[in-house]
Amino acid sequence: MASIGKSIETASDFLKKGQLVAIPTETVYGLAANALDTTAVAGVFEAKNRPVFDPLIIHTYSVLKAHDYVKSIPEPLLKLANAFWPGPLTLLLEKKELVPDLVTSGLDRVAIRVPNHALTLELLKSIDFPLAAPSANPFGYVSPTTPEHVNKQLGDKVAYILDGGPCEVGIESTIVGIEENEVCVYRLGGLALEEIEKIVGKVNLKINSSSNPAAPGQLKSHYAPMKQLILGNVKENLKLYKNAAVIYFGEKDFDNVGAEYNLSPTKNLKEAAANLFFALRMMDESIADVILCELLPEEGLGRAINDRLKRASVK
Ligand code: TXA
Ligand code: MG
């Protein structure tokens, strides 16, 4: 098990030595390493058991600083950065030479974002390199939203876990890029599509490219619990699966089951997003055989929640 604490100094010391540190962000915990040190970055892939064709997001502390790592920020994306950074938005931008190919899996674009978490922003300002950080979970499994989640799964692989409490957004960042002057969204996430479209107009949704190496996080099966997650009408499915755990949203319309979790009693999508991965973990640890859930309204953060549920339900 790793040591957990709130010391920026300890975290930055380990990172400077090329070691791995789990960092809090507003979305999920990240498994961080010096993005400019290929050996350290290789350690991230190894710890996560992540295929090297799946590139990493780099984290920095400001729009201005991002220019150190990318050639330019096209106008519409700059508008988004100015509007939403720090926040759950990742931009795909032409990388500068100093960003190692290992970080981008050989692609010309690097994924970059400014996370909205006070501790991590302070940490980023205390070091002179950006942090490459994928979600701090074993490849394919549910992302961690608390230090304890990280410790349970990767505790023996990280030098330190920087404790920033539970993640407020709870779902990964929205990934956005531009192709031939058209703004494209590659992963739905903590920043709702509607918010993005308010700034740049209609976007092109390119989220279902499971075989597209430009967006491997969009693999069909991802974010998956160990137990089978079955989507569809819970009441009907409970007739088929007697020993089921249920994740639901709003009012309850089924009889008591062994384990259940309400994502948001008041049907608040933000709250549901923040609870999603926690709920999946809890139900996964229950004694039920399967997990049942229904899709949420396909609007705002509901879209990203549904995207995660669908991928989590594929084995
Ligand atoms: O909220 C988040 O984005 C969290 C926190 C820690 O920042 N990070 C995260 O990282 O979700 P990860 O590695 O679990 O997911 C990153 C996604 C992957 O699907 C990856 O394929 C995609 O970003 N990605 C990274 N670099 C890319 C690139 N150069 N081109 C296309 N997709 C890229
Ligand atoms: Mg991930």
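Residues numbered from 1 in each chain as written. Chains lettered and ligands numbered in written order. Predicted model: local features only at pLDDT ≥ 70, side-chain atom pairs only at ≥ 80, totals over all residues. Heavy atoms only, no water.

Novice: Teacher, can you tell me more about the packing of aromatic side chains here?
Specialist: According to the stated counting rule, one finds 4 aromatic pairs in the structure shown. Between the aromatic rings of Y248 and F254, the centroid separation amounts to 5.0 Å while the plane-to-plane angle is 90°, which identifies the pairing as edge-to-face. Seen from the ring of Y223, R308 lies directly overhead, with NZ or CZ sitting 4.8 Å from the centre. (Phe/Tyr/Trp six-rings, centres within 6.5 Å; stacked < 30°, edge-to-face > 60°. Lys NZ or Arg CZ within 6 Å of the ring centre and 35° of its normal.)

Novice: Would you mind showing me how to read the packing of helix α10 (residues 269–285) against helix α11 (residues 301–312) here?
Specialist: In helix packing, the relevant descriptors are the interaxial angle and the interaxial distance, both defined with respect to the helix axes. In contact at an axis separation of 9 Å, α10 and α11 are set at 25° when each is read in the N-to-C sense. Classified by the angle between their axes, α10 and α11 sit roughly parallel to one another. As α10 packs across α11, the resulting crossing turns out to be left-handed. For the pair formed by α10 and α11, the contact residues are L269, K270, A272, A273, L276 and F277 on the first element and L301, G302, I305, R308 and L309 on the second. Of the residues in the contact of α10 with α11, the class split is 8 nonpolar, 1 polar and 2 charged. (Axes fitted to C-alpha atoms, helices over the stretch in contact; angles between N-to-C directions. Helix = DSSP H or I, 4+ residues; strand = E, 2+ residues; numbered from the N terminus. Parallel < 35°, antiparallel > 145°, perpendicular 65-115°, else oblique. Left-handed = near helix turned anticlockwise from the far one by under 90°. Contact = heavy atoms within 4.5 Å. Nonpolar A, V, L, I, M, F, W, Y, C, P; charged D, E, K, R; others polar.)

Novice: Just to check I follow, could you spell out α10 for this structure?
Specialist: Owing to its 3.6 residues per turn, the α-helix brings residues three or four apart onto one side. With 17 residues, α10 should reach 24 Å at 1.5 Å per residue; the first-to-last C-alpha distance of 24 Å fits that figure. Its maximal kink placed at N275, α10 deviates by approximately 45°. For α10, the tally of buried residues reaches 12 of 17 residues, placing the bulk of the element in the interior. On its buried face, α10 sits against α7 (147–154), β12 (228–231), β13 (244–248), β14 (259–262), β15 (290–293) and α11. The N-terminus of α10 is capped by N268, whose side-chain oxygen sits 2.8 Å from the backbone nitrogen of K270. (Expected span 1.5 Å × (residues − 1). Bend = angle between axes of the 7 residues up to and from the residue. Buried < 20%, exposed > 50% of the residue type's maximum accessible area, 1.4 Å probe, protein only. Polar contact = N/O pair within 3.5 Å; in protein donor to acceptor, adjacent residues only side chain to side chain.)

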